[in-house]
Amino acid sequence: MAGKTLGTFILPESGSRSIFAKPDEGKLGPPRLRTYRNLNVNNRRKLSTTIESKREERRKEETEARKTKRFDRISVYRRYRVGELPDVQISYAALLTPLLALCQLDADLSRDVLVLLLKSIRQEDIPGFDSRASNIFMRTIKSSTEFFPHFIGTILEVTIAADGNISIPSSDVVDASIAAGTEMLGSLVMEKYLSKMSKSSIEPVKKKSRLHLVEEKRDALWIRMAKLSRHLGDVDSSDAILLEKLDFGEGAKEGLKAFNIGDFKKAADLFAAVSRQDYEGENYWIEYYHEALKSMGDWDQLEQSLPNKTDTTIWKHPSTLQEIFDCNTRLALSRRGFSAEFTDFVNEVVKDRNKAEILKSSVPGELAFLYAVEGNRSVSQLHFETSVKNFIFDWESTPVILPEARKSVIEKFIPSTDIYRFLERETFGLSRIRKIWVGDKASETDDILTRDKVFARRYYLLTDLKSIEDSSKEAVSSRLEVTFDFVNFALCRKNKYLAFKALEKASEYHEDPGYDVSLKAMYDLAYTRATLFRAVSEEPQRSIKWIIKGQEILDELSLSQLPSTILVDIYAEKANICCNLAKSLVTLLDSSVPLPSSYAGKLKEMFNVKHTWNKERIYSDLIKTGRDQMMQSVELVDKERKPKLILQFVKYCSDAIESSLLQEGVKREMLRDKVTGILSAMQHGLLDARKMFPSLLPLLEVNDWLGEEFMIKISDIPSWMFLSWDKQLFAWLPSKIQPWITPLVIRLCKDYPSVLVYGYNVSKESWNKNVNPKTHKEIERLLRSSDLQEKFLGALQHVGLPSVLAETFLAYAKRTGDFEKAYDLLKNTIFSDGCEARGILYREFTRKWKAKFTQTFENEMPTMSSISQLALDMKNETKRAPQKILLKDLSSWLSEYRRLGLSESIELPGQYGSGMKPMPEYHIYIESFEHEALILGSLRRPVKIGIVGSNAKSYKYLMKFGEDLRQDERIESLFEAANSTLDANPETRKRGMRIKTYKVFPLSPRHGLIEWMEGVVTMQDFFDLSEEDKAKVASASGKYSRLHKGPGDYIPGYSNLTEDDVESSYDEALRMCIPKNTMKRRFERLSSSPEGLYRLRLSFIRSHATMSIVHWILGIGDRHTSNNMVSVLTGESVGIDFGYAFDVSVEFLPVPEVVPIRLTPQIAEVTEPIGILGIMKSSMVHTLNAIKEDNDVFLAVLDVFVKEPSIDWIELAKHAGDGNLHARAKESWFPLKKVKIAQDKLMNGLNPAHATLEALKNKGNFEAIKNHVLGSDSQRGRLKEHGLSTEEQVTCLIEQSTDKNLLGRMWVGWYPFL
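Residues numbered from 1 in each chain as written. Predicted model: local features only at pLDDT ≥ 70, side-chain atom pairs only at ≥ 80, totals over all residues. Heavy atoms only, no water.

(A) Structural context of the overall build of the protein chain. Along the backbone of the protein chain there are 66 helices and 12 strands. Expressed as a percentage of the 1314 residues in the protein chain, the buried residues total 51%. Sequence separation of 24 or more characterises 72% of the internal contacts of the protein chain that already satisfy a separation of 6 or more. Taken as a whole, the protein chain presents about 62,100 Å² of accessible surface, with 51% of it coming from carbon and sulfur. (Helix = DSSP H or I, 4+ residues; strand = E, 2+ residues; numbered from the N terminus. Buried < 20%, exposed > 50% of the residue type's maximum accessible area, 1.4 Å probe, protein only. Contact = heavy atoms within 4.5 Å. Areas by Shrake-Rupley, 256 points an atom, 1.4 Å probe, with all protein chains shown as cover.)

Okay, here's the thing in structure tokens:
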């Protein structure tokens, strides 16, 4: 070696010159700077010229040298003369040789090229190719000891492309995929096998494809598919296979349920029993058993269950080797040394070259740790370097499109980084290492077993650091802080076993009287939290026992000796104890079980609870005691932690207020605490508090005594924090809380008029005289301050066909009977000769139609008949409109608009929703408008326009007339609220579950702007049907409609048509229609690789499940193939057009939509082979659970539908009133009823079938409809109306949405067979 090593730096040998050494004495050269200064001007110029010319020559020489060096590195493979005709003279070999060299340098390229070559050869239809390829691939995998991901990937990708005709034994596919880290490709291969097997059971297998695949049992394939899914991290699919596709008995099902809720002890016992059964030659449950033991930290039991170290099969399964080393390492850490048996095993393996190589490549991180704790630094360093190489290789081999897999690669490498820091402790410094480890907080989505491994190693290594350095107090403090962080993380992940195991480790310090009082208090606090967590899962009596024990632990602390930072947590934990105790006591009393006398005494002594027989007094006293504890905590907390603690206090109050047991006096106090708490947290800048603001508005309406305090509090909060809720504030302005929100609304209008003007233009028409005239006038003055903005909004009224606008105003006249106002709107918008903003299309329309409108509205008395005739004329006029048009033909003002030279600017809409203080100086402004516009062919003929921003980018929008877009905007706001909830929930966040949203800007109750989504097409277009396929769809529609001649036949059909009639007709339509896998094939064509297909399909399934659940909560119907969209870029499912929300499509359409969500055959086929009950169902469960657990903001946003009903809702309310609208008191009765159903779904476990029936109860033939909706022998019919669990709700929802009897009764235009 050329020099000595210090860390990662190489020092030069003695005698050699360092690059930092000074020049020798006497060789400094002439003082050039001084000489240069002594020269005269002319000589300086000459010298400068000479120096510059030499520099130029030197630059040229260096450039040439670089070119030569670069050229020398190029290998020239050309063997033909320059000048020959390449297309004639170049042979195939001359092309393949450089390609081969390139492939040897790039593994990804080599895989792509080899896959293409093999696919091309296979397409030549060479006899016996599939059979020979199967045998070669099989022999290659069986004889391999190392599995290179790109090579295994090549084999698997070719097998996938062969649709199961090239087949390798499924056991080999699984082993190779897991060893190479290509589980995703292996999973797709298994799908092909299962699909092939399904076809072979229906159709005779072709002779050339009669391979061993048909001899494999279906259940064995399912088990191996489940194994791959679990290794891939797809627990949802794995569990669905085991629960739905295989029959392992009730023990296995109960074990899975116990495992998923964190009861690992019960799960381990059940898995142990199941794992003793050899099922189809597989013992898959042993993996679940091992994971349950790891989740409990029971390493002794795991060691007994693992294969014997002398078993030769362990060398073919790197994951088993990993388990053996993990287990023995953890046992060594607890026993303070490795067992002699394990040491002998390692020493024997090292002597065997082949086994040693397998060991080094499989478990380098474990070997590095083993030698590090043994003090063999150099060997440990070598193994660490191997683990780094493995990490880099795994990272490069993992596709970028799989973020979850990449996160897993990083997580697995974290333990190795700790070894590196420990080895280089002299370089890092002990204090810095401790600081890094203590500061590395686990995320809620981290893998708990990996974090457990990290914690155990750090805890052990910190002991060694203690022995190296004299500062034992700092070392102990570090160990305990690492412990407490892991305990909190384990409890967050609902794992009480690992939490108590960690506390058991740290108990040695708790018992030592010499250690710091604060550290002991932190230990007691962590132990109390774990005890409370244990209490939650117990029955009431045992729960109360554990809760009292937690209180006793905290009562023993000497609070006067503790710093405020710890006291804050102690008081907050005491509040949680009071809350949990109150709930447990109420549950116990409800069950008619008497309270043990021993508990009564402790309750009186510890919590001052005297009336142990009175539920209201018990609950209220304990909640008030907890409130006082939380107040103390808030008073003591430091400024940095205060906002989050205040929000914790707010949630405590919110939970307590929901109970009907809370006495009025305590409830008033907690209502005030909730209002002031949210506003205080907002004042401190907490984003979560801002999201909760809408929930305060309904509280103010019911509790007007809070108004003054509310108004004082919000005056200290910056106005920009309320920008997200401007529409809600405008909607609430006409209500009784007007006096308290008016100052805030005025402030917003003054500070951000360009934002507030959109909401104001829509809401003002519904204010009538309910808003103070003075307030209304002031808002009008503030928002009309910009002439340019007014012209812009006025010009947008003309970005639509004049016939569509006229039809919109005529519809308003027919709906309201206010002919005068309708005519005023027509004159001011369409026929206004003084309006220069109108384009030539409007002027031509005026010349053609103005006289007719004048005659109808002025010369004659307008009637419904004459208005209807005009509306029909406008429809015909719209049909003649062109598809493409110039913007100037609609609005000359927009077409001619240029920002340059204007004193004012117009901001691009939608830039104030980031949750941060707006910085308008950095916003995008409208520079100009694109010249061309596109008129879409849908019912309202919306116009697509392009806006050029000040950043030179083009932004597309859709201008839509004839609809009140407030509902769409509010639905999108609800989607955003749902996304916030999904982002906060660990289960949904780690799965990346969100709803794709877009911006909606209502400009009036009749028109608005919608953000255009690029790369998104309707589901109908996504199918990409040929003319032949379209004809099949038309034939299927005709066959489907055979039972229903028209809309009037559907309701009577519930009595006239039997279930068999409908299902038979539906099945016949399916047979006549396009193949069920059309959508699935479309995803395959969109994908550039199998990994891309997997990702696109997963994205579609999860996004569609998430969207479907939120759609169901909101009762969104009309989900036909043009209102369901799919992103061709990401595969996400997107919903548009929410006019039929809150079960309107069930209650008011002539053909009621009895199918709540769209899970039609094309969508179901995308989820195959596992089916809808796999990822689709589990994603729905996770989504519904997340929204149920945190529904405050979601339900608060719903209130805006009640406070400011859209035009459509007002009309529907009139129809729903059955002529008794006045008896309903006001039009808000209808939205109140609809919002109540949404609340029932979230809070009361409403059965989806009964939600449908609630909307149908005013329909004719209700009893017959009810029988079909509930089903003849269905789970939804057997379950009760309310009180369903989340999983039961989702099960019923899927069952109802896939019921052929109900699908066969949907409107044909909904395309239920697609």
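Don't stop here, the text continues.
(B) A look at the side chain of Asp236. One can find Asp236 in helix α11 (residues 235-245). Look past the residues within four positions of Asp236 in its chain and what remains in contact with it is Arg991, Arg1102, Ile1175, Ser1178 and His1182.

(C) Main features of the packing of aromatic side chains. Tallied over the entire structure, the rule returns 41 aromatic pairs. One aromatic cluster is present, built from ring pairs that chain together Phe259, Phe264, Phe271, Trp285, Tyr288 and Tyr497. Directly above the aromatic system of Trp705 lies the positively charged group of Arg668, at a separation of 4.0 Å from the ring centroid. Above the plane of the ring of Trp1112 lies Lys1241, whose end atom (NZ or CZ) is 4.8 Å from the centre. (Phe/Tyr/Trp six-rings, centres within 6.5 Å; stacked < 30°, edge-to-face > 60°. Lys NZ or Arg CZ within 6 Å of the ring centre and 35° of its normal.)

(D) Examining the side chain of Lys294 more closely. Structurally, the position occupied by Lys294 is in helix α14 (residues 285-296). Each residue touching Lys294, except ones within four places of it in the same chain, is listed here: Trp299, Leu302, Glu323, Leu449 and Leu498.

(E) A look at unusual backbone geometry. Here the residue pair Glu1168 and Pro1169 is connected by a cis peptide bond, since its omega of 10° sits within 30 degrees of zero. Relative to the helices and strands, Pro1169 resides in the loop between α57 (1161-1166) and α58 (1175-1189). With a phi close to 60°, Lys494 is a non-glycine residue in the positive phi region. If you trace the backbone, Lys494 turns up in the loop between α25 (472-492) and α26 (496-510).

(F) Representation of helix α43 (residues 819-829) in the model. Buried residues of α43: Phe819, Ala822, Tyr823, Leu825, Leu826 and Thr829, and no others. Considered in projection along α43, the buried side chains sweep an arc of 155° and stay on one side of the axis. Residues Glu820 and Asn828 are exposed on α43 and point more than 90 degrees away from its buried face. (Arc of directions from axis to C-beta.)

(G) How the structure looks around the packing of helix α16 (residues 318-335) against helix α17 (residues 340-351). The contact between α16 and α17 brings their axes to 11 Å, and the two run at 140°. The angle between α16 and α17 places the two elements in the oblique class. Judged by the sense of rotation from one axis to the other, the crossing of α16 with α17 is left-handed. Of the residues in α17, those touching α16 at Ile324, Phe325 and Asn328 are Phe342, Phe345 and Val346. Within the contact of α16 with α17, the residues separate by chemical class into 5 nonpolar, 1 polar and no charged. (Axes fitted to C-alpha atoms, helices over the stretch in contact; angles between N-to-C directions. Parallel < 35°, antiparallel > 145°, perpendicular 65-115°, else oblique. Left-handed = near helix turned anticlockwise from the far one by under 90°. Nonpolar A, V, L, I, M, F, W, Y, C, P; charged D, E, K, R; others polar.)

(H) A look at the environment of Lys294. Lys294 gets classed as buried once you look at its relative accessible area, which sits at 18%. For the pair Lys294 and Asp452, spaced 158 residues apart in sequence, the C-alpha to C-alpha distance is 9.3 Å.

(I) The arrangement of the packing of helix α6 (residues 129-143) against helix α7 (residues 149-161) in detail. At a minimum axis separation of 11 Å, α6 and α7 run at an interaxial angle of 150°. When the axis of α6 is compared with that of α7, the two are roughly antiparallel. Between α6 and α7 the crossing geometry is left-handed. Along its contact with α6, which presents Phe137, Thr140 and Ile141, the element α7 presents Phe151, Ile152, Ile155, Val158 and Thr159.

(J) Examining a nonpolar patch on the surface more closely. Among the surface-exposed residues, Tyr92, Leu95, Leu96, Leu99 and Leu102 lie close enough to one another that they form a single nonpolar patch of about 540 Å² accessible area. Within the secondary structure, Tyr92 is located in helix α4 (residues 92-105). The class of Tyr92 is exposed, set by a relative accessible area of 70%. (Patch = residues over 30% accessible without salt bridge, like charges linked within 9 Å, V, L, I, M, F, W, Y side chains within 5 Å. Salt bridge = Lys/Arg side-chain N within 4 Å of Asp/Glu carboxyl O.)

(K) Spotlight on the sheet that holds strand β10 (residues 1016-1018). Taken in spatial order, the 3 strands make up an open sheet running β10-β11-β12, and their pairing is antiparallel. Each of the sheet's edge strands pairs with one partner strand only, and the pair in question is β10 and β12 (1133-1135). Here the average twist between neighbouring strands, direction ignored, is 35°. In this sheet, β12 lies alongside strand β11 (residues 1124-1127) in antiparallel orientation, the contact comprising 3 bridges. For Met1125, the partnering residue across the bridge sits in β12 and is Val1134. Its contacts with the sheet place helix α55 (residues 1090-1113) against β11 and β12, and it is angled at close to 25° to β12. (Pairing = 2+ DSSP bridges.)

(L) Region of the structure containing empty space enclosed by the protein. Here the structure, examined in full by the defined rule, presents 9 cavities of 30 Å³ or more. As a volume, the largest cavity reaches approximately 190 Å³. Forming the boundary of the largest cavity are 20 residues, of which Glu191, Ser237, Arg1097, Ile1170 and Ile1175 lie nearest the centre. Breaking the lining of the largest cavity down by element, the ones donating at least two residues are α9 (183-202), α10 (218-231), α55 and α58. A total of 4 residues in the lining of the largest cavity trace back to one element, the largest contributor, which is α55. Considered class by class, the residues forming the lining of the largest cavity number 10 nonpolar, 6 polar and 4 charged. Of all the secondary-structure elements, those providing two or more residues to the lining of the second largest cavity are α56 (1144-1147) and α62 (1248-1256). (1 Å grid on protein atoms, 1.4 Å probe; cavity = no way out; pocket = protein on both sides within 12 Å on 5 of 7 lines; lining within 4 Å. Points joined across faces, edges and corners; volume = space filled by probe spheres on them.)

This is a description of form; function is not addressed.
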